Each structure stands twice: as C-alpha cells, then as structure tokens.
Amino acid sequence: MAGQAGSALAVVAVIAALAAAVVAVVRLRARRGIATAMQRATYDVLHTAALAAEPLRGGLTTATAGKAARHLRALVGAVGLAVDDGERCLAFDGRGSHHREQFTAAAQRALTTHRSVVLAAADLPCDRVDCVVRGAVVAPLSGPDGRATGALVAVADDHPAPGLVQATAEAARWAGSQIALAELDSSRERLARAEVRALRAQISPHFIYNALTAIASFVRTDPERARELILEFAEFTRYSFRAHGDFTTLAEELRSIDRYLTIERARFGDRLQVRLQIAPEVLPVGLPFLCLQPLVENAVRHGLSRKPGVGMVSIEARDAGAECHITVEDDGVGMDPAVFAPGIPDTDDGQHVGLTNVDERLRSVFGDRFGLVVETAPGAGTKVSMRVPKFHPGVRA
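All of these numbers come straight from a predicted model, not from anything done at the bench.

Colleague: Explain the overall build of the chain to me, please; I cannot follow it from the model alone.
Modeller: The secondary structure content of the chain amounts to 9 helices and 12 strands. For the chain, buried positions account for 42% of its 397 residues. Long-range contacts, defined here as pairs at least 24 residues apart, represent 65% of the contacts in the chain between residues at least 6 apart. Accessible surface, the chain as shown: approximately 21400 Å² in total, 56% of it carbon and sulfur.

Colleague: Mind showing me how you'd approach the nonpolar core here?
Modeller: Most often, soluble globular proteins keep nonpolar side chains buried together rather than apart. L250, L292, L295 and M386 are the most contacted members of the largest nonpolar core, which totals 37 residues. Looking at this core, the elements that each hand over two or more residues are α7 (250-268), α8 (293-304), β9 (311-320), β10 (323-330), α9 (353-366) and β12 (382-389). Broken down by element, this core gets its largest block of residues, 6 residues, from α7. Those residues within four positions of L295 in sequence are excluded, and the remaining contacts are V328, L355, V358, L372, V384 and M386.

Colleague: For this particular structure, what's the right way to read helix α3 (residues 62-76)?
Modeller: Because each turn of an α-helix spans 3.6 residues, side chains separated by three or four positions end up pointing in the same direction. With 15 residues, α3 should reach 21 Å at 1.5 Å per residue; the first-to-last C-alpha distance of 20 Å fits that figure. If you look at α3, its biggest bend is around 40°, right at A69. Listed in full, the buried residues belonging to α3 are T64, A65, A68, A69, H71, L72 and V76. Among the residues trailing α3, G77 stands out with phi positive, at a value near 80°.

Colleague: Honestly, the sheet that holds β9 in this entry has me stumped. Any pointers?
Modeller: Within a sheet, neighbouring strands are paired by backbone hydrogen bonds and run either parallel or antiparallel to one another. Strand order in the open sheet formed by 5 strands is β7-β9-β10-β12-β11, and the pairing between neighbours is mixed. Looking at the sheet topology across the chains shown, the edges are occupied by β7 (272-278) and β11 (373-376). On average, each strand axis in the sheet is tilted by 10° relative to the strand beside it, whichever way the strands run. Here β9 pairs with β10 via 8 bridges, running antiparallel. Paired with A320 across the two strands is E323, which belongs to β10. Those strands touched by α7 are β7, β9 and β10, and its axis lies near 165° from that of β7.

Colleague: What am I meant to see in the side chain of D84 here?
Modeller: With respect to the secondary-structure elements, D84 resides in strand β1 (residues 80-84). An unpaired buried charge is present at D84: no salt bridge exists, and R100, the closest side chain of opposite charge, is 7.7 Å distant. At 2.6 Å, the side chain of D84 forms a polar contact with the backbone nitrogen of G86. Once you skip the residues sitting within four places of it in the chain, D84 turns out to touch C89, L90, F103, T104, A107, G150 and A151.

Reading the values: the criteria
Residues numbered from 1 in each chain as written. Predicted model: local features only at pLDDT ≥ 70, side-chain atom pairs only at ≥ 80, totals over all residues. Heavy atoms only, no water. Helix = DSSP H or I, 4+ residues; strand = E, 2+ residues; numbered from the N terminus. Buried < 20%, exposed > 50% of the residue type's maximum accessible area, 1.4 Å probe, protein only. Contact = heavy atoms within 4.5 Å. Areas by Shrake-Rupley, 256 points an atom, 1.4 Å probe, with all protein chains shown as cover. Core = buried A, V, L, I, M, F, W, Y, C linked by side-chain atoms within 4.5 Å. Expected span 1.5 Å × (residues − 1). Bend = angle between axes of the 7 residues up to and from the residue. Pairing = 2+ DSSP bridges. Axes fitted to C-alpha atoms, helices over the stretch in contact; angles between N-to-C directions. Lys, Arg positive; Asp, Glu negative; His and termini not counted. Salt bridge = Lys/Arg side-chain N within 4 Å of Asp/Glu carboxyl O. Polar contact = N/O pair within 3.5 Å; in protein donor to acceptor, adjacent residues only side chain to side chain.

The structure is reproduced here in structure tokens:
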C-alpha cells in the first residue's frame, strides 16, 4: 500500500510539473502576441536597415556593396537589386543580373541628372526566354550635400509601381547618407594624420637645431658624451618620424620623452630638474601617437627656458580604475589662460599650438570628455592634465 501511495504521489507530481510547463508556454505565447503586426514590421525594417548600414559605413566598394545588397533588396522589396557606381555594377542580388550593362547605362543617366530613372520593358530588351525583368527603378545614392556616389537599381517583374519607385528613392537616399558618413569618418582620420604631420614639422625647427648645437659643444670636450647624445637624438627622431601607426603605448611615449629630456639636460645642465611618478599598471595603456611629448616640450621650451634659475618638470601617470590620469606640470613662467580661448589666433612662437593639437586629437579619438585641462597663470607655472581610457574601440598600439 505504501508503495502504491508513493507511485500515486509521483504521478501527481509529474502531472503538476507538466501543467506548470503548459501554463508557462501559454503565457510566453501570449506575451509574444502583444506586439502588433505594425510593430513587427517596424522591427523587421529597422533590423534590416541596421544590417545594411554596417557595411555601407565602410564606404562604397565592391566588398561593402556585396554585403549590403541583399539587405537593401529586402528593404525595397524588389526581385533583384544592383549597386552601381556609374562605371560598373559593384554588386547584384536576386534576379536580372544579365542586364548589368543596361543598368549601368541607366545609372550614368541618374547620376548626371541627379534624378531617378524608371525603365520599362521596352528599355530592357532581352533574348532570354526565362527572363523575368519587366522594368527597373534607378535612384542616385545621394548624401546630405546632394553629391551622388553611385546608384541603386531595383529590378521589377512587372512595370515599376509607384510604391517601388518611392521605396527605391528613399532607400537610395538613406544608403547615400551612410556612405557620406563613411567619407566623413575617413576625412577625420586624414585630418588626424595631417595634425600629426604638422606636429612633427613643429618639432623639427624648434628642437633639432638646439639639440645639434648642444651635441656639438661636447664633441671636443667630452667625445663619449657627444656620442651618447647622438644616439639618443637618433632614437628620438626615429620614433617621432616613424611612418606607421596612429597609436602608441604610454611606455613607448615615455621612452621617447626620456631621450628628449636627456638632450635638453645637456643644454640646460642642472637648471632642468625632472620628477617622474608612473604607476606600472598604466604603462601598456594605448594613446594617440605624440600626444604626451608635446606637453613636455611645451613645459621645457615655454615654461622653464624663460625662467631664471632651476626649474622642475613633473610627469605623473596614475591608475584610476577604467582610466589613466596623466599630468605634466612645470614651475616656470606660466601662460595667459586667454591664449586658449576659442578664436584666438596662434602666437608666432607656437606657445600653445602643440597643446591645441593634442587636445583636438584626444577628443577626436576618445570623445569630448577626454580633452586637455590646462591650469596656468603668468608666473604660476603650468599644469596640463589628460584622462585616457585604458581600453577603447579602435585604439591599438
């Protein structure tokens, strides 16, 4: 009897568990049914657009067009879709690819007139018995500035309806905006590289002459010292004028700064004192190339060289959780804070050119929250601070 009672209880438990599972499934299905048809359609469109946007943000190339064509065809609802640059078909998805040459000719017309072109069956003669193409809509890929970089060709199996014409035009306008954003990103990268080149050009006239003059002063009196300084100078210039990489590590930047300060100490002697306080944890942190050395050069050149007696440059890098906090401070003559106000032209001696350059590159890479903070006043020295994320997408030393 006891065994039968136990079996009965087990059966009841199993039935209760199955009932609970059924209730859970019913509730889940009911929850899924909350979304309306319009909401599901909106989600599908946005999701498809996001899939197409990712490759288009890489610019208009054969590879990116090939990845985006399938999603663009789904957005338009055509039997076939081509992405054309006006010279050739970059990618094709669906049916009708044997009309590529005719589509390219129509794309050239659309790019010339900056207007959509609607093709009927008579405009697309074909000898194939199985050809389904009965028309097409060709819309220019225009960005916000109105400049067209290519064309979208939506293939129809009937005469193009007004809905297909409008959908193709809107999809082309949206795709053109994504391509324009890619060109904007590319122009920002070119600007950042140009700023680095300008910074290198700034280093050349202001530092190289003084460095060579200091080395020359030791050639006869201390040849071994002159040899060491020449090697330090060679390594410094090799790093400063390297041709690869937009980013470096804090450790590499500090090594270059050490060589710079070695040469400057040969000029200033005991007048130049240096204090370093670097947390080992932050040495591998990635940062824009040549973003710390200009701060140290500014401290020596503009802060201490004009100060009578001994001057101190302090460099500190602290571990601050997800960030690295870096400061370069000198007890020199200081600067007028007004020189950093917007719209103030650069001074002839380039006193704040390097700081402005570094500030713009930090904001371009990490965002506006990560620009330089400058604390200075005439006769009060200068302290320049920066925050650098330990990890940031796209920053690889």
